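Single-letter residue listing:
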Amino acid sequence: MAGRPLRVLILEDRPEDADLALHELRRSGYELNWRRVDDEAGFKANLDPELDLILADYHQPQFNAIRALKIVQDMGLDIPFVVVSGAIGEDLAVAAVRLGAMDYVLKDRLARLGTAAKNAIEQGELRRRQRVAQAALEHHALHDSLTDLPNRLMLREEIQKAIGTNAHAVLLLLDIDNFKEVNDSFGHQVGDALLRQMGARLREPIDAEHLIARLGGDEFAILLPGASAMEATRTAQAMLRALERPFLSEDHALEVTASIGIAAYPEHGAVAETLMRRADVAMYGAKRTGGTYAVYREEDDPYDARRLLLRADLRRAIDDREITLYYQPQVALATGELTGVEALARWRHRERGWIPPADFIPVAERMGLIKPLTKYLVELAGKDAIAFGKTAVDLPVAVNVSMRNLLDPHFPEMMEEVIARTGQPAQYLKLEITESAVMAEPTRVLESMKRLRLAGIRFSIDDFGTGYSSLAYLQKLPVEEIKIDRSFVGQMSSQPGSAAIVRATIELGGSLGLDVVAEGVEDEQTWEALKRMGCSAAQGYFIGRPMPVGELEGWLRNWSQRSAGSKAA
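Conventions adopted
Residues numbered from 1 in each chain as written. Predicted model: local features only at pLDDT ≥ 70, side-chain atom pairs only at ≥ 80, totals over all residues. Heavy atoms only, no water. Helix = DSSP H or I, 4+ residues; strand = E, 2+ residues; numbered from the N terminus. Buried < 20%, exposed > 50% of the residue type's maximum accessible area, 1.4 Å probe, protein only. Areas by Shrake-Rupley, 256 points an atom, 1.4 Å probe, with all protein chains shown as cover. Lys, Arg positive; Asp, Glu negative; His and termini not counted. Charge placed at Lys NZ, Arg CZ, Asp CG, Glu CD. 1 Å grid on protein atoms, 1.4 Å probe; cavity = no way out; pocket = protein on both sides within 12 Å on 5 of 7 lines; lining within 4 Å. Points joined across faces, edges and corners; volume = space filled by probe spheres on them. Pairing = 2+ DSSP bridges. Axes fitted to C-alpha atoms, helices over the stretch in contact; angles between N-to-C directions. Arc of directions from axis to C-beta. Phe/Tyr/Trp six-rings, centres within 6.5 Å; stacked < 30°, edge-to-face > 60°. Lys NZ or Arg CZ within 6 Å of the ring centre and 35° of its normal. Parallel < 35°, antiparallel > 145°, perpendicular 65-115°, else oblique. Contact = heavy atoms within 4.5 Å. Left-handed = near helix turned anticlockwise from the far one by under 90°. Nonpolar A, V, L, I, M, F, W, Y, C, P; charged D, E, K, R; others polar. Salt bridge = Lys/Arg side-chain N within 4 Å of Asp/Glu carboxyl O.

Caption draft 1: A look at the overall build of the chain. Looking only at helices and strands, the chain features 22 helices and 21 strands. For the C-alpha atoms alone, the extent of the chain along its principal axes is close to 85 × 65 × 50 Å. Residue burial in the chain is summarised as follows: out of 569 residues, 50% are buried. Per element, the accessible surface of the chain, about 27,200 Å² overall, is 49% carbon and sulfur. Computing the positive centroid from 68 side-chain charges and the negative centroid from 84, the chain places the two 3 Å apart.

Caption draft 2: Examining the layout of surface pockets more closely. Estimates place the volume of the second largest pocket at around 300 Å³. Taken together, 17 residues make up the lining of the second largest pocket; nearest its centre are Pro49, Leu51, Asp52, Asp78 and Arg128. Tallying contributions element by element places helix 5 (residues 113-142) first for the lining of the second largest pocket, with 5 residues.

Caption draft 3: Geometry of the environment of Glu551. Its location among the elements puts Glu551 in the loop between strand 21 (537-538) and helix 22 (552-568). Distance from Glu551 to Tyr327, taken between C-alpha atoms, is 9.2 Å for residues 224 residues apart in sequence.

Caption draft 4: Quick peek at the sheet that holds strand 3 (residues 53-57). Strand order in the open sheet made by the 5 strands is 2-1-3-4-5, with parallel pairing throughout. Two strands close off the open sheet at either side, each with one partner strand: strand 2 (32-37) and strand 5 (103-106). The sheet shows a mean angle of 20° between the axes of neighbouring strands, direction not considered. Sheet analysis places strand 4 (residues 81-85) next to strand 5, joined by 4 bridges and oriented parallel. Residue Val84 lies in a different strand from strand 5, and its bridge partner there is Val105.

Caption draft 5: View of helix 3 (residues 65-74). Among the residues of helix 3, Ala65, Ala68, Leu69, Ile71 and Val72 are the ones counted as buried. For helix 3, the angular spread of the buried residues around the axis is 160°, confining them to a single face. The first or second residue beyond helix 3 is Gly76, which carries a positive phi of 75°.

Caption draft 6: Looking closely at the packing of aromatic side chains. Taken as a whole, this structure holds 6 aromatic pairs when the rule is applied. Ring geometry for Trp527 and Phe542: centres 5.8 Å apart, planes at 50°, overall tilted. Of this pair, Trp527 sits in helix 21 (residues 524-533) while Phe542 sits in the loop between strand 21 and helix 22; the two residues are 15 residues apart in sequence, bridging distant segments of the chain. Of the two residues, Trp527 and Phe542, both sit in the buried class. A network of ring pairs unites the aromatic residues Trp527, Phe542, Trp555 and Trp559 as a single cluster. A cation over an aromatic ring shows up here: Arg201 above the ring of Phe247, its NZ or CZ 3.9 Å from the ring centre. We note Arg562 situated over the ring of Phe542; from NZ or CZ to the ring centre the distance is 4.5 Å.

Caption draft 7: Representation of the packing of helix 7 (residues 179-186) against helix 8 (residues 188-203) within the structure. Here helix 7 crosses helix 8 at 135°, and the two axes come no closer than 6 Å. In terms of orientation, helix 7 and helix 8 fall into the oblique class. When helix 7 is examined against helix 8, the residues Phe179, Val182, Asn183 and Phe186 are found in contact with a partner set consisting of His188, Val190, Gly191, Leu194 and Leu195.

Caption draft 8: Fine view of the packing of helix 15 (residues 411-422) against helix 17 (residues 442-454). Between helix 15 and helix 17, the least distance of the axes is 9 Å, while the angle of their chain directions is 25°. Classified by the interaxial angle, the pair formed by helix 15 and helix 17 is roughly parallel. Relative to helix 17, the crossing made by helix 15 is right-handed. Contact residues: Phe411, Pro412, Glu413, Met415 and Glu416 in helix 15; Ser448, Arg451 and Leu452 in helix 17. Grouping the constituent residues of the contact of helix 15 with helix 17 by class yields 4 nonpolar, 1 polar and 3 charged.

Caption draft 9: View of the pattern of salt bridges. What the rule picks out here adds up to 42 salt bridges. Members of the salt-bridge network, linked through shared partners, are Glu12, Arg14, Glu16, Asp17, Asp57 and Lys107.

Caption draft 10: Representation of the sheet that holds strand 7 (residues 211-216) within the structure. Pairing is mixed in the open sheet, where 5 strands are placed in the order 7-8-6-11-12. Both edges of this open sheet fall to strand 7 and strand 12 (293-295), since each of them pairs with a single strand only. Shown here is a sheet whose adjacent strand axes are inclined to one another by a mean of 20°, direction ignored. Two strands pair when backbone bridges link them, and strand 11 (residues 258-265) and strand 12 are joined in this way by 3 bridges, in the parallel orientation. Bridge pairing in strand 12 places Gly261 opposite Ala294.

Caption draft 11: Layout of the environment of Glu522. Within the element layout of this structure, Glu522 appears in the loop between strand 20 (515-518) and helix 21. What makes Glu522 exposed here is its relative accessible area of 51%. Dropping the residues within four chain positions of it, Glu522 is found in contact with Tyr541 and Phe542.

Caption draft 12: Structural context of the pairing of strand 17 (residues 429-434). With 5 of 6 residues buried, strand 17 lies mostly within the body of the structure. When strand 16 (residues 397-400) meets strand 17, the two strands line up parallel, connected through 4 bridges. Along strand 17, the bridge assignment pairs Val399 with Leu431. Across 5 bridges, the pairing between strand 17 and strand 18 (residues 458-464) is parallel. Its bridge partner being in strand 18, Lys430 is matched across the sheet by Arg458.

In structure tokens:
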């Protein structure tokens, strides 16, 4: 508003009362651009999204402030709204505020109108900034940061919509052949430029309503609602022809080939996850056979047998305590003090070596092993925390839990039993859950979370910004912390959009009274930038890598010396 008059709409049937209100606003330093109306028709005709403030007399002969407020809300406008009245009871005033008015001022106390207007405008600006930040978060949650194409999460949602509204639908999964050679030969900058051009090239042979998504790396997906597998093969051929023209990137003419996997609804799957997995199977089948595209065939699918083998090994690993926990420190940005650790599962298979959590956690979820695995890991974390506390400091521990845990009606009871058995104070246990887990079954998840919170267990929303949670729903959750995903934090210095997302998340967390933790802090530059933004805490390789519990005490001594040296400098 700096540099321009305050745009005000006044709903008032008495011109002299409107003049008094205007006088108070001017006395408070405002230059005004105003208009007065006294009926519903005039009010509707003069409503404008660019208004800075609405002043409304509570009582009008044929119209009133509450009706005016409802009109504003029905039109989807968010304009600071202040009720001004000569005779409004406290109950009516409170009711008006509850309905959305930001304040009320009695006409015999107009001296506070300037303050009320200032506060209402500031609240309106804060809400506007929150909407902009929320919209940015939602966009980044559903789009790939490099290409701005829809990402895996949005693709999954669109597949489910296509299945729900069409008798047929087809998913094509495309992978660029030998893309690593492009990066190795010309550098990642050239490779990124190629990936950014792929969306437009793949769009050429398909209709505008068809969705193109980037799933990560050099993988793209194309969704064809209403199409059959036969039609999809023709589309695949057309896409491969479109890729025959060289791509130009920094004076390099790049020749590109690709492999495409095709999975169709309903013959190859009835849910998004199944179609995505089977299109992936078909794509790798095409690569393996040297073909350019392939339709899914059950006999080519290796996953079921592999899962059964891994399930048997995983059950034994849980029973034999082969799965261990490594801990990654989390420290306060303002003071450098240790605020807790995140427990990360590690499995060293007797024959296969280290198996990533991304491989065995989904198996545990699908094969009914997530409950005993979680029970074992929480119990182990509790024992480790108590042992560390005897030699160093009390150690708040965060443990990741699956959506399947939260949907289990017996999960709160199991957690209470584990806490009682280990003796770990409940307030030192934090459960980390992802946004996508929360939004999958919000009612059931919220019920489970509330019971666990009553037991003293705390919650953190992990990977915030990569899922899709509305600000309104986030306010309902009994959480104390949100963690910014490492994909945003790691790109803060190179991607202005990522820095904006981090800043918006910190601001949103602060407005909700939540601690904000940045994951993936790997250098001092990122550490200092986060400190300036007011972020609560950080974790990442700059602070410490995940480590066995026995190494934490030594890390703590080294970190304390390093932190003290940094402050002295």
